[in-house]
Amino acid sequence: MIRTLVVDDEPALLEISKIFLERSGEITVDTANSAYAALSCMGTVSYDVIVSDYEMPGMDGILLLKKIREGGGKTPFILFTGKGREEIVIEALNCGATFYLQKGADTKTQYAELVSKIRIADRQYRAEQSAEDSHSQMESILSFLPDPTIAIDQTGNLIVWNRAAEEMTGILAADVIGKGNYACAVPFYGKSRPLLANLILHPDERLMSTAYHMREITPRLLIGECEVNLPGGKNLTLWVKATPLYDAEGRVSGAIEIFRDITERVRIISEHRAAREALSRKNEEMLSRNEQLAAIEEELRQTLDELQQSHRLVEENEKKYRALVDALPDALLIHEEGKIVYGNPAACTLFGADLHRLVRIPLVSLFGNTTGEILVSLSEDVIAGKTQLCSLEFSLEKPDGKIVWLETTISPVGDNGRTRIQIFFHDITRQKIALEQAASQHSETEQYAHALNRANKNLNLLYAITRHDILNQLTVLTGFMELSSERITDPVMQDYFKKQKCAAQAIYRNILFTRDYQALGIHEPVWQNLQDLATCITSQANAPGIRFTVTAEGLEVYADPLFEKIFYNLIDNSLRHGKQVSEIAITSKKDESGVTLVYEDNGTGIPPAEKVRIFERGYGKNTGLGLYLVQEILSLTDITIQETGKPGHGARFEIQIPEQSFRYAAVQSPGNNDCASPHPMPP
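Worth saying up front: this structure is predicted, and the values here are computed from it rather than measured.

## Topic: the overall build of the protein
Scanning the protein from N- to C-terminus turns up 20 helices and 24 strands. Across the 683 residues of the protein, 39% fall into the buried class. Considering only intrachain contacts with a sequence separation of at least 6, the fraction spanning at least 24 residues in the protein is 57%. When the accessible surface of the protein is summed, it comes to about 38,700 Å², and 53% of that surface belongs to carbon and sulfur atoms.

As structure tokens, then:
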């Protein structure tokens with residue numbers, strides 16, 4: 001069962017929603033009459049899907065969505081509301097809404113669609129969680145492999161560059177991931193050339209023999225050795241191994257290559273080989289020439305001197321390292337199991353204690369129980385190998401009473417075969433203050449912008465609330481009508497219910513018209529590309545079997561942002577009244593008075609007596625508001641429209657655009673015009 005939380009401030013709507021959703025047999029519904037009640041429910045119950053209204057007192061649906069997402073919640077969220085404005089749709093999707101569904105007059109249909117959306121959202125979320133867990137686990141494994149590891153896809157583009165590869169080459173993964181043309185070889189070999197991963201996909205015996213000392217060659221495994229010169233003058237001997245990568249169907253999808261630094265091992269082997277050869281020669285010489293024992297003894301003395309010299313060098317290097325650590329500007333503490341064993345001068349200054357006193361203070365006591373225990377716990381994770389590096393931010397009161405913010409870095413350090421923990425403390429107080437000041441300035445700017453917008457919002461608030469309440473009550477009305485019609489078998493009563501439903505739908509369309517008419521002229525006119533706009537709208541039209549043709553390349557019109565409603569209403573007019581419409585064409589032509597935009601279909605056409613009256617408010621077979629709204633939108637920028645088609649040969653609308661309201665722009669390449677803000681066809 002899909003456990004669903006439905007949020008709405010209308011008790012009747014909650015009742016209708018619970019009835020219709022639970023009738024599916026696979027959804028259980030809890031309800032909440034406010035966003036705050038929903039948050040309270042989510043604190044005690046885990047839900048598979050959340051369905052919420054937009055307009056609610058105190059906190060609207062989008063603010064509820066933001067609260068959930070800010071708290072880390074990823075539960076699928078469906079905004080189910082009577083609000084249909086473009087900006088609400090965009091804001092909801094940008095804030096992480098899974099789907100947006102607008103309430104309508106046809107209750108049965110809209111709840112059937114809501115059930116479908118809930119099923120899809122639940123399946124998608126479960127699949128995404130499973131894929132995300134698997135992908136995260138694989139990324140973590142690859143990232144923390146001790147050997148540098150890379151992977152490429154079938155085209156040779158780099159898809160994996162782990163931390164060990166970053167450390168060896170000094171190149172960050174972000175700088176090479178996605179690159180092809182052997183670019184990932186440059187950090188290792190100083191030039192673009194095929195790697196073993198490339199050769200496992202595309203074998204080349206010449207390259208394998210010239211670039212590598214191959215140790216093993218099979219169709220599924222390549223192992224070799226090579227010499228590389230890394231940045232900074234490091235000359236290394238690498239052992240490299242490459243194998244194919246396979247997808248879920250068992251097909252080769254790429255290749256993975258592992259690098260291992262064997263420089264020291266090769267050096268030791270070489271030295272051992274040389275030593276063995278030398279000992280062999282010396283043994284032969286000893287057997288044949290005992291008189292050379294004195295020379296060998298002298299050679300041993302020289303070797304001892306060299307070892308003593310090496311020991312002195314080690315001591316000198318240790319002193320240099322200690323001097324370097326003492327000169328660090330950041331504080332450094334080294335501890336073992338919570339007991340401090342060393343602190344540099346910067347640490348002594350930060351904590352107001354000399355080194356002799358500092359090493360006597362337990363780590364927990366130095367920072368207080370909470371912070372100290374966290375540092376010890378993170379240190380234990382590093383020692384246990386759960387992570388190679390940990391960090392923490394916290395505030396600290398210095399001995400002089402000043403509060404500072406510190407950023408710590410925790411990492412292991414070897415000391416005579418024992419693993420201890422070193423903690424660096426970097427003072428980030430200035431950055432914290434700067435961030436707080438920036439946040440304060442941003443808050444003041446938002447308050448000023450909110451004050452500027454408040455006046456305009458208050459003008460439309462009464463209309464929006466009234467329209468929202470009417471739509472909610474209309475949904476309740478049609479819902480109970482639908483439930484009643486299922487229980488009444490009297491044909492006369494069924495006919496009454498059908499007429500009531502038609503009347504409710506007419507009310508719904510009239511309310512939607514008031515919403516569009518209210519938005520008319522609110523925003524400044526903008527330049528709009530006709531080819532892109534018309535192509536986008538016709539591609540979204542629910543008109544199977546109709547062929548659309550749009551020819552208006554480069555033409556831009558200066559009109560109200562609601563200009564797109566013109567095409568929606570004209571297409572709707574053709575679908576409603578054109579009967580056997582199979583073709584719709586939108587073309588433009590330039591003449592002396594400006595540009596004429598022509599919309600025509602091959603339907604039944606419009607009788608002469610109706611050519612003028614169709615633009616009157618209330619005239620028509622439905623609400624009579626569509627073409628009236630078209631004329632009103634165009635008149636805002638002095639654009640006119642008239643019907644010039646021949647009855648029986650289809651409808652033809654000519655839209656006359658004056659000189660100051662059009663221009664021609666450069667034509668973009670096909671396929672580059674995306675629908676920036678899709679709108680549904682009007683009901």
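And the narrative resumes.
## Considering a nonpolar patch on the surface
On the surface, Val 492, Met 493 and Tyr 496 cluster together into a nonpolar patch covering about 270 Å² of accessible area. Here Tyr 496 is to be found in helix H17 (residues 491-519).

## A short note on the pairing of strand E11 (residues 252-261)
Two elements, strand E6 (residues 149-153) and E11, share 5 bridges in a ladder whose sense is antiparallel. The partner of Thr 149 across the bridge, within E11, is Ile 258. In the sheet, strand E10 (residues 234-246) pairs with E11 via 9 bridges, with the strands oriented antiparallel. Its bridge partner being in E11, Pro 244 is matched across the sheet by Ala 255. The antiparallel hairpin formed by E10 and E11 contains 5 residues in its connecting segment, where Gly 250 sits at a positive phi of about 85°.

## A short note on the sheet that holds strand E19 (residues 555-559)
Spatially, the 3 strands line up as an open sheet ordered E17-E19-E24, and their pairing is antiparallel. Looking at strand neighbours, the two that pair on one side only are strand E17 (526-529) and strand E24 (662-664), the edges of this open sheet. Across the sheet, the mean angle from the axis of one strand to that of its neighbour is 30°, orientation sign disregarded. By the bridge criterion, 4 bridges tie E17 to E19 in an arrangement that is antiparallel. Across the sheet, Asn 529 pairs through a bridge with Glu 556, a residue of E19. Sheet strands touched by helix H18 (residues 530-540): E17 and E19. Its angle to E17, the strand with the most contacts, is close to 65°.

## Re H18
Listed in full, the buried residues belonging to H18 are Leu 530, Gln 531, Leu 533, Ala 534, Cys 536, Ile 537 and Thr 538. Looking at the buried residues of H18, the elements they touch are E17, strand E18 (547-551), E19, helix H19 (564-577), strand E20 (583-591) and strand E21 (594-601). Two to three positions downstream of the cap, the backbone nitrogen of Gln 531 sits 3.1 Å from a side-chain oxygen, assigning the N-cap of H18 to Asn 529.

## Observations regarding the nonpolar core
The nonpolar side chains of soluble globular proteins are, as a tendency, buried together. Phe 563, Phe 567 and Phe 653 are the most contacted members of the largest nonpolar core, which totals 40 residues. At the level of elements, H18, E19, H19, E20, E21, helix H20 (626-635) and strand E23 (652-657) are the ones that each hand at least two residues to this core. Those residues in contact with Phe 653 that lie beyond four places of it in its chain are Leu 570, Asn 573, Leu 597, Val 598, Tyr 599, Ile 606, Ile 614, Phe 615, Leu 627, Ile 641, Gln 642 and Glu 643. Listed in part, the 30 residues of the second largest apolar core include Leu 158, Val 176, Tyr 189 and Ile 200.

## Some remarks on the packing of H19 against H20
Running from N to C, H19 and H20 cross one another at 155°; their axes reach a closest spacing of 9 Å. On the basis of their axis angle, the class for H19 and H20 is roughly antiparallel. In this structure, H19 crosses over H20, and the sense of that crossing is left-handed. Across from Lys 565, Ile 566, Asn 569, Leu 570 and Asn 573 in H19, the residues of H20 making contact are Gly 626, Leu 627, Leu 629, Val 630, Ile 633 and Leu 634. Considered class by class, the residues forming the contact of H19 with H20 number 7 nonpolar, 3 polar and 1 charged.

## Remarks on the environment of Ser 485
Considering the arrangement of structural elements, one finds Ser 485 in helix H16 (residues 429-487). Since its relative accessible area comes to 17%, Ser 485 is described here as buried. Taking the C-alpha atoms as reference, Ser 485 lies 9.7 Å from Asp 495; in sequence the two are 10 residues apart. In this structure Ser 485 touches Gln 494 and Phe 497, once residues within four positions along its chain are discounted.

## Section: the confidence of the model for the protein
With 83% of its residues at a pLDDT of 70 or more, the protein shows a mean pLDDT of 80. Across residues 676-683, where pLDDT falls below 50, the model places 20 contacts with residues more than four positions away in sequence or in other chains.

## Quick word on the sheet that holds E6
An order of E7-E6-E11-E10-E9-E8 is seen for the 6 strands of this open sheet, with the pairing classed as antiparallel. Taken across any chain shown, the strands that pair with only one partner, and hence form the sheet edges, are strand E7 (158-161) and strand E8 (213-218). Strand after strand, the sheet turns through a mean of 25° between neighbouring axes, direction not considered.

## Notes on the side chain of Glu 654
Checked against the element boundaries, Glu 654 lands in strand E23. Sequence-distant contacts of Glu 654, that is, excluding residues within four places in its chain, are made with Thr 596, Leu 597, Val 598, Thr 640, Ile 641, Gln 642 and Thr 644.

## A few points about the packing of helix H3 (residues 61-70) against helix H4 (residues 86-94)
Helices that pack against each other are described as a pair by the angle of their axes relative to one another and the distance between those axes. Between H3 and H4, the least distance of the axes is 10 Å, while the angle of their chain directions is 10°. On the basis of their axis angle, the class for H3 and H4 is roughly parallel. Taken together, the residues of H4 that come into contact with H3 (itself represented by Ile 62, Leu 65 and Lys 66) are Ile 88, Glu 91 and Ala 92. Residue classes in the contact of H3 with H4 are distributed as 4 nonpolar, no polar and 2 charged.

## Looking at the packing of aromatic side chains
Scanning all chains against the criterion turns up 11 aromatic pairs. Look at Phe 351 and Phe 425: their rings are 5.8 Å apart centre to centre, the planes differ by 85°, and that puts the pair in the edge-to-face class. Taken together, the residues Phe 351 in helix H12 (residues 345-351) and Phe 425 in strand E16 (residues 418-427) connect sequence positions 74 residues apart. For the pair formed by Phe 351 and Phe 425, the shared burial category is buried. Taken together, a centroid distance of 5.2 Å and an interplanar angle of 50° make the contact between Trp 527 and Tyr 558 tilted. Of the two residues, Trp 527 sits in strand E17 while Tyr 558 sits in strand E19, which places them 31 residues apart along the sequence. Overall, the relative accessible area of 33% leaves Trp 527 in the partly exposed class. Put simply, the rings of Trp 161, Phe 188, Tyr 189 and Phe 259 pair up and form one aromatic cluster. The aromatic ring of Phe 20 is capped on one face by Arg 23, whose charged end is 5.4 Å from the ring centroid. Seen from the ring of Trp 527, Arg 663 lies directly overhead, with NZ or CZ sitting 4.2 Å from the centre.

## Brief notes about unusual backbone geometry
If you check the backbone angles, Asn 181 has positive phi at about 55° while not being a glycine. For Asn 181, the location among the structural elements is in the loop between helix H6 (163-169) and helix H7 (186-189). Of note in the backbone geometry, Asp 638 takes a positive phi value of approximately 60° without being a glycine. On the basis of relative accessible area, Asp 638 is assigned to the exposed category, the value being 56%.

## Points about the pattern of salt bridges
By the definition in use, this model includes 22 salt bridges. With a closest N to O distance of 2.8 Å, Arg 576 and Asp 572 form a salt bridge. Of this pair, Arg 576 and Asp 572 both sit in helix H19, 4 residues apart, which is roughly one turn of that helix. Since its relative accessible area comes to 35%, Arg 576 is described here as partly exposed. For Asp 572, a relative accessible area of 16% translates into the label buried. Between Glu 654 and Arg 652 there is a salt bridge whose closest N-O contact spans 3.2 Å. Side by side, Glu 654 and Arg 652 carry an identical accessibility label, which is buried. One salt-bridge network, in which partners are shared between bridges, spans Asp 8, Asp 53 and Lys 103.

The rules behind the values
Residues numbered from 1 in each chain as written. Predicted model: local features only at pLDDT ≥ 70, side-chain atom pairs only at ≥ 80, totals over all residues. Heavy atoms only, no water. Helix = DSSP H or I, 4+ residues; strand = E, 2+ residues; numbered from the N terminus. Buried < 20%, exposed > 50% of the residue type's maximum accessible area, 1.4 Å probe, protein only. Contact = heavy atoms within 4.5 Å. Areas by Shrake-Rupley, 256 points an atom, 1.4 Å probe, with all protein chains shown as cover. Patch = residues over 30% accessible without salt bridge, like charges linked within 9 Å, V, L, I, M, F, W, Y side chains within 5 Å. Salt bridge = Lys/Arg side-chain N within 4 Å of Asp/Glu carboxyl O. Pairing = 2+ DSSP bridges. Axes fitted to C-alpha atoms, helices over the stretch in contact; angles between N-to-C directions. Polar contact = N/O pair within 3.5 Å; in protein donor to acceptor, adjacent residues only side chain to side chain. Core = buried A, V, L, I, M, F, W, Y, C linked by side-chain atoms within 4.5 Å. Parallel < 35°, antiparallel > 145°, perpendicular 65-115°, else oblique. Left-handed = near helix turned anticlockwise from the far one by under 90°. Nonpolar A, V, L, I, M, F, W, Y, C, P; charged D, E, K, R; others polar. pLDDT = per-residue confidence, 0-100. Phe/Tyr/Trp six-rings, centres within 6.5 Å; stacked < 30°, edge-to-face > 60°. Lys NZ or Arg CZ within 6 Å of the ring centre and 35° of its normal.

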